[in-house]
Amino acid sequence: MQTPARGIPGDGRNSIGSGSAGVLKAMSPGVVDFLFRQLVAGRPAEDVQWEKEGISLSSQPEGAELARRLAETDIDALTPLELFHYVRAAQRLASWAEGLRQAAVGRYCGSPAD
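Residues numbered from 1 in each chain as written. Predicted model: local features only at pLDDT ≥ 70, side-chain atom pairs only at ≥ 80, totals over all residues. Heavy atoms only, no water.

Quick rundown of the overall build of the protein? Include the residues and the values.
Scanning the protein from terminus to terminus reveals five helices and zero strands. Listed N to C, the secondary structure of the protein is α-α-α-α-α in terms of helices and strands. Of all 114 residues assigned to the protein, the portion counted as buried reaches 19%. For the protein, the share of sequence-separated contacts (at least 6 apart) that also reach a separation of at least 24 residues comes to 45%. Per element, the accessible surface of the protein, about 8700 Å² overall, is 60% carbon and sulfur. (Helix = DSSP H or I, 4+ residues; strand = E, 2+ residues; numbered from the N terminus. Buried < 20%, exposed > 50% of the residue type's maximum accessible area, 1.4 Å probe, protein only. Contact = heavy atoms within 4.5 Å. Areas by Shrake-Rupley, 256 points an atom, 1.4 Å probe, with all protein chains shown as cover.)

Shown next, in the form of structure tokens:
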């Protein structure tokens, strides 16, 4: 019987570090870069600057501007909190667009206007 190798974090063969390997795999290179820059600058890991730069995605009204902002966002560079707000905003936009579609279908299928 072989003893599991130790000292190779995240190789899946040991119990030490295997729990944290999943966390590291889930972090995109953009997030790792952001966290490193925060650490070097002595700032907290949470990104609060994006909330101060204008209207947040969670506050952006549904419509073309929200669609543009979502389309132009590099999701690989988002922190987990930003990614959460991104997903919520995309869901709101999809619901809004579905409402527009249903209204148009209702108008198309309705009685012709005089």
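Give a detailed account of the confidence of the model for the protein, specifying residues and quantitative values.
Atomic detail in the predicted coordinates should be set aside for any region of low pLDDT. Per-residue confidence for the protein averages 75 on the pLDDT scale, and 64% of its residues sit at or above 70. Between the elements of the protein, mean pLDDT differs from a low of 51, seen in helix 1 (residues 18-26), to a high of 93, seen in helix 5 (residues 80-109). Within the model, pLDDT remains below 50 along residues 1-20, and this stretch shows ten contacts once partners closer than five positions in the same chain are excluded. (pLDDT = per-residue confidence, 0-100.)

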